[in-house]
Amino acid sequence: LINTIQSLVGVDLDNFVPYPVVDGKSTNGGYCGPAVKPIALNMVKNCAQHRGVNIPISGIGGVENWRDATEYLLLGASNVQVCTAVMHYGFGIIREMIAGLESYMQEKGFHQLEDFIGKALPNVKTWENLNLHYEVKAHIDPAKCIQCQLCYTACEDGAHQAIGLPGEGRIPYIIEENCVGCNLCSLVCPVENCITMVRKDDGTHSENWKDFVAAGKAPDTFEDQRAGGLGHWVPAPASALERKK
Ligand code: SF4
Ligand code: SF4
């Protein structure tokens, strides 16, 4: 899992033919390489967790280095295959993959592949089994900030309006009351470790969605403030958003 995914690369806007073009016509190409790895990892996990699958699983899709290979093994593949990366870099990358994997196994104290095949599977749950009290908030390091304000735009237009702009200067600040810890700002920030996600709960309280529903705490209408309310619900203190004006 998995081989190529049917795809069209694009469309020739002047001649109205999708790519790849063969004598003026097109057909599906096969999408492969690093872009398909997240899809393939999820499928390997699905098979490995499925009680009905009792055959060895081979991981393939975007394997370029020992880390990629190890990720497949940790999610239940017992071997991996490499194709696109060899087409790019040649068979030499296999030597590097073996050396990297051996070093990883030494560091972790693993003696054979079976010691860690599927080791990440118990940590993959369905969403309703995740802890709703796990709370992280974004934190901006002013010393690293280059004041591009990409984080502000992303959170304002694509997340939870939890980043404010100061009256003076250009370094944004986090409105903690609104931050849901979605991580979007840290992904768009061009400076490494400028925005970090900081854990705020003490880790002692765990309650998942099923517990939530059983306790009657789940919102059942969009108007319910616990669901975010109509438009954007501003948690107390309600003045949180006004601070950025
Ligand atoms: S995206 Fe990063 S560097 Fe840019 S303003 Fe925000 S915190 Fe600063
Ligand atoms: S983590 Fe999400 S909600 Fe919080 S400040 Fe960043 S983008 Fe906004």
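Remember, predicted model here, so these are calculated numbers, not experimental data.

Caption draft 1: Spotlight on the site of ligand 2. Residues in close proximity to ligand 2 total 14 residues, the closest being Cys155, Cys179, Cys182, Asn183 and Cys185. Taken together, the residues of the shell around ligand 2 sort by class into 11 nonpolar, three polar and no charged.

Caption draft 2: Quick peek at the pattern of salt bridges. Enumeration according to the criterion identifies six salt bridges in this entry. The partner of Asp201 in a salt bridge is Arg199, with the nearest N and O atoms 2.8 Å apart. Asp201 sits in the buried class, given a relative accessible area of 16%. With relative accessibility at 42%, the residue Arg199 sits in the partly exposed group. Here Glu207 ties to Lys217 by a salt bridge, and the two come within 2.9 Å at their closest N and O atoms. Taken as a pair, Glu207 in the loop between strand E12 (195–199) and helix H7 (209–214) and Lys217 in the segment after H7 lie far apart in primary sequence, 10 residues in all. Given the relative accessible area of 9%, Glu207 is considered buried. Here the salt bridges share partners, and the residues they tie into one network are Lys37, Asp68 and Glu71.

Caption draft 3: Here's a closer look at the environment of Ala40. Residue placement: Ala40 occurs in helix H1 (residues 37–49). Assessed through its relative accessible area of 0%, Ala40 is described here as buried. Residues Ala40 and Asn3, 37 residues apart in the sequence, show an inter-C-alpha distance of 8.6 Å. Those residues within four positions of Ala40 in sequence are excluded, and the remaining contacts are Leu1, Ile2, Ile60, Gly61 and Tyr72.

Caption draft 4: Expanded view of the nonpolar core. Of all hydrophobic cores here, the largest spans 16 residues; its most connected members are Val44, Val63, Tyr72, Leu75, Ile93 and Met97. Of all the secondary structure elements, the ones that give two or more residues to this core are H1, helix H2 (66–74), helix H3 (84–89) and helix H4 (92–108). No other element matches the three residues that H1 contributes to this core. Non-local contacts of Met97, meaning those with residues more than four positions away in its chain, are made with Val63, Glu64, Asn65, Trp66, Ala69 and Val82. Among the nonpolar cores identified, the runner-up in size contains 15 residues, and Cys151, Tyr152, Ile163 and Cys189 belong to it.

Caption draft 5: Structural detail: the site of ligand 1. Inspection of the region around ligand 1 gives 13 residues, with Cys145, Cys148, Gln149, Cys151 and Cys189 positioned closest. Taken together, the residues of the shell around ligand 1 sort by class into 11 nonpolar, two polar and no charged.

Rules of the game
Residues numbered from 1 in each chain as written. Chains lettered and ligands numbered in written order. Predicted model: local features only at pLDDT ≥ 70, side-chain atom pairs only at ≥ 80, totals over all residues. Heavy atoms only, no water. Near = heavy atom within 4 Å. Nonpolar A, V, L, I, M, F, W, Y, C, P; charged D, E, K, R; others polar. Salt bridge = Lys/Arg side-chain N within 4 Å of Asp/Glu carboxyl O. Buried < 20%, exposed > 50% of the residue type's maximum accessible area, 1.4 Å probe, protein only. Helix = DSSP H or I, 4+ residues; strand = E, 2+ residues; numbered from the N terminus. Contact = heavy atoms within 4.5 Å. Core = buried A, V, L, I, M, F, W, Y, C linked by side-chain atoms within 4.5 Å.

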